[in-house]
Amino acid sequence: MEISNWFRGFEKGIARLSPEQRSAFFSECGKNCVNGGTLSIYKKLYETAKGDMDDFFLLANDLPGVKGEIVEKGHIYRLIFLECTCGLCRNGYVTTPLLCECSRQSVIYSLHSLWKDEKFIVTLCNSILRGATNCEMRIEVER
């Protein structure tokens with residue numbers, strides 16, 4: 001069987017899940033993905049920023065293909081990815097925008113790994129798979 005055929009079934013399967021079920025499913029995928037390297041990059045930024053969230057998002061601008069913005073100091077941020085970094089998408093295996101939930105979950109996991117006592121609300125605003133030119137996440141520190 002051609003692996004791309006398997007992924008067509010995968011796409012149909014995740015489309016049948018409720019948003020809550022997709023969140024639970026992709027939270028595990030997102031953790032696994034960022035633990036493979038991206039989290040270590042975020043940890044270095046965190047250390048350089050000395051745990052200051054505003055500085056962290058400003059320093060994100062130094063990463064290739066990433067843009068960080070402060071919307072409201074200490075409370076609301078944007079993280080923008082200028083290209084899709086998902087290997088499943090880049091290799092053409094998955095084309096459904098539903099996969100972007102994995103990226104959203106990976107950001108939640110990464111932020112919570114760095115700031116363990118904070119709760120984050122991460123909203124996917126745009127994604128390349130939805131036809132946008134970049135992937136944009138709005139990050140709110142819940143108070």
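Engineer: What exactly am I supposed to notice about the environment of E142 here?
Structural biologist: Its location among the elements puts E142 in the segment after β4 (135-141). The class of E142 is partly exposed, set by a relative accessible area of 35%. In sequence terms E142 and G37 are 105 residues apart; their C-alpha atoms lie 27 Å from each other.

Engineer: I tried to follow the environment of F25 on my own but got confused; where do I start?
Structural biologist: For F25, the location among the structural elements is in helix α2 (residues 19-35). If near-sequence neighbours (up to four positions away) are discounted, F25 is found in contact with F10 and I14.

Engineer: Help me understand the packing of aromatic side chains, please; the structure alone is not making it clear to me.
Structural biologist: The geometry of two aromatic rings is summed up by the distance between their centres and the angle between their planes. Overall, the coordinates contain 12 aromatic pairs when judged by the stated rule. With 4.9 Å between their ring centres and 90 degrees between their planes, W6 and F7 make a pair best called edge-to-face. Here F7 falls in the buried class, since its relative accessible area comes to 9%. A centroid spacing of 6.0 Å and a plane angle of 80 degrees characterise the contact between F7 and F10, whose relative ring orientation is edge-to-face. Of this pair, F7 and F10 are both found in helix α1 (residues 3-15), three residues apart, which corresponds to roughly one turn of the helix. Owing to a relative accessible area of 17%, F10 belongs among the buried residues under this scheme.

About the criteria used
Residues numbered from 1 in each chain as written. Predicted model: local features only at pLDDT ≥ 70, side-chain atom pairs only at ≥ 80, totals over all residues. Heavy atoms only, no water. Helix = DSSP H or I, 4+ residues; strand = E, 2+ residues; numbered from the N terminus. Buried < 20%, exposed > 50% of the residue type's maximum accessible area, 1.4 Å probe, protein only. Contact = heavy atoms within 4.5 Å. Phe/Tyr/Trp six-rings, centres within 6.5 Å; stacked < 30°, edge-to-face > 60°.

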